[in-house]
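A structural walkthrough
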Amino acid sequence: MSLVKIKQLTLQFGGLTAVNDLSFEIPRETIMSVIGPNGAGKTSVFNMITGFYKPTKGDIVFDGTSILGKKPSMITQMGMARTFQNLRLFPSLNVLENVMSGMHSKTKQGIIGALFHTPAQKREEQTIVDVAYECMEFVGISSYAGRTAKNLPYGIQRYVEIARALAARPKLLLLDEPAAGLNMSEKQDLIRLIRKIQRDLNISVLLIEHDMGLVNQVSDHIVVLNYGQKIAAGTPSEVMNNPKVIEAYLGSEDEAI
Ligand SMILES: Nc1ncnc2c1ncn2[C@@H]1O[C@H](COP(=O)(O)OP(=O)(O)OP(=O)(O)O)[C@@H](O)[C@H]1O
């Protein structure tokens, strides 16, 4: 059974149809990318999968359960985590604290535990710190643990966001333009990291990305959108040789495939 089933999804903003009758599935333990020219509907799809936008029509089934009508926090608890195109770290907190915040949805101890600092609360705090260190080590940023997020280079901040998403122990990790602002060598490191996440943690990854080199190197499957509709789907070589895809990109002014 696929991890995610997107069924005839449509999203309208007033008279504008941002996503139109879109269906595709995300198999388990794969890396999948959604690509398309500017305004094609990629972010809208992400926002519907993560519960930020409510579809006008259609359904999204995650791990056997429809997520329609569920709040983003509940969807996170079900096993989805995301990063954002524009980083959303807590700028004044350090890296450890930012990564710990990714486990917010998993904590059990309530207000009583926090107020009286019960043994259960202490154990939970220690677990959160341990998991945060595991995640920082996994992405290679543990040496930055005590550094304030806003003072770090942009590439490291991106990794902090990924570590924070991993701390939620997701089944599906959604990465929104993770290569934006990275240089060539940082992009190669990112490709290795995305593969390692899928391989070692058995997580499915859904990626929106403009960098075609990265998409080609990292994806098992690609879905191509244009004007909110799926115009192609398949392996990177199938998709890149598809005349509809070439036309969609050549028709766009600011991007080349
Ligand atoms: N909140 C909104 N209100 C109105 N229209 C919106 C909203 N969000 C997106 N749109 C419109 O929906 C269409 C799809 O936008 P979306 O951001 O999903 O595309 P995208 O493929 O992610 O684009 P980009 O690559 O530029 O980020 C666009 O025409 C956009 O202007």
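Nothing here was measured: the structure is a model prediction, and the numbers come from that model. (Residues numbered from 1 in each chain as written. Predicted model: local features only at pLDDT ≥ 70, side-chain atom pairs only at ≥ 80, totals over all residues.)

Take the overall build of the protein next. A count of helical and extended segments in the protein gives ten helices and ten strands. Scaling as 2.2 N^0.38, a compact globule of 257 residues should have a C-alpha radius of gyration of about 18 Å, and the protein matches this with 19 Å. With the C-alpha coordinates of the protein rotated into their principal frame, the extents come out at 60 × 40 × 35 Å. Split into buried and exposed, the 257 residues of the protein put 38% on the buried side. (Helix = DSSP H or I, 4+ residues; strand = E, 2+ residues; numbered from the N terminus. Rg over C-alpha atoms; globule rule 2.2 N^0.38 Å. Buried ≥ 20, exposed ≤ 12 C-beta atoms within 10 Å, placed from the backbone.)

A few words now on the domain arrangement of the protein. Taken domain by domain, the protein consists of domain 1 (1-79 + 171-257) and domain 2 (90-169). The partner domain 2 presents seven residues to the nine residues of domain 1 that form the contact. Of all the secondary structure elements, the ones that give two or more residues to the side of domain 1 that touches domain 2 are α2 (72-78) and α7 (184-201). Ranked by the residues each element gives to the side of domain 1 that touches domain 2, the list is headed by α2, at three residues. Looking at side-chain class alone, the side of domain 1 that touches domain 2 contains four nonpolar, four polar and one charged residues. (Domains from an automatic or database assignment. Contact = placed C-beta atoms within 7 Å. Nonpolar A, V, L, I, M, F, W, Y, C, P; charged D, E, K, R; others polar.)

Now for the site of the ligand. Taken together, F13, L16, A18, G36, N38, G39, A40, G41, K42, T43 and S44 make up the full set of residues near the ligand. Looking at the shell around the ligand, the elements with two or more residues in it are β2 (16-26) and α1 (42-49). Grouping the constituent residues of the shell around the ligand by class yields four nonpolar, six polar and one charged. (Near = placed C-beta within 6 Å.)

Read from one edge to the other, the open sheet built from four strands follows the order β2-β1-β4-β5, with strand pairing classed as antiparallel. The sheet is open, and its two borders are formed by β2 and β5 (65-66), each paired with just one other strand. Sheet analysis places strand β1 (residues 4-13) next to strand β4 (residues 57-62), joined by five bridges and oriented antiparallel. Within the sheet, the bridge partner assigned to K7 lies in β4 and is D59. Together, β1, β2 and β4 form the strand contacts of α1, whose direction differs from that of β2 by roughly 65°. (Pairing = 2+ DSSP bridges. Axes fitted to C-alpha atoms, helices over the stretch in contact; angles between N-to-C directions.)

Below, the discussion takes up the environment of I222. Relative to the helices and strands, I222 resides in strand β9 (residues 221-226). Taking the C-beta count within 10 Å as the criterion, I222 has 25 such neighbours and is therefore assigned buried. In the structure, I222 is positioned 26 residues away from A248 in sequence and 15 Å away in space, judged by C-alpha atoms. Sequence-distant contacts of I222, that is, excluding residues within four places in its chain, are made with S33, I35, V215, A233, G234, P236 and V239.

Time to look at the packing of helix α5 (residues 119-139) against helix α6 (residues 154-167). One can describe the packing of α5 onto α6 by two numbers: an axis separation of 9 Å at closest approach and a directional angle of 135°. As judged from the angle between their axes, α5 and α6 are oblique. Crossing of α5 over α6 shows right-handed handedness. Within the contact between the two elements, α5 uses V131, A132, C135, M136, F138 and V139 and α6 uses Y159, I162, A163, L166 and A167. In the contact of α5 with α6, the residues fall into eleven nonpolar, no polar and no charged. (Parallel < 35°, antiparallel > 145°, perpendicular 65-115°, else oblique. Left-handed = near helix turned anticlockwise from the far one by under 90°.)

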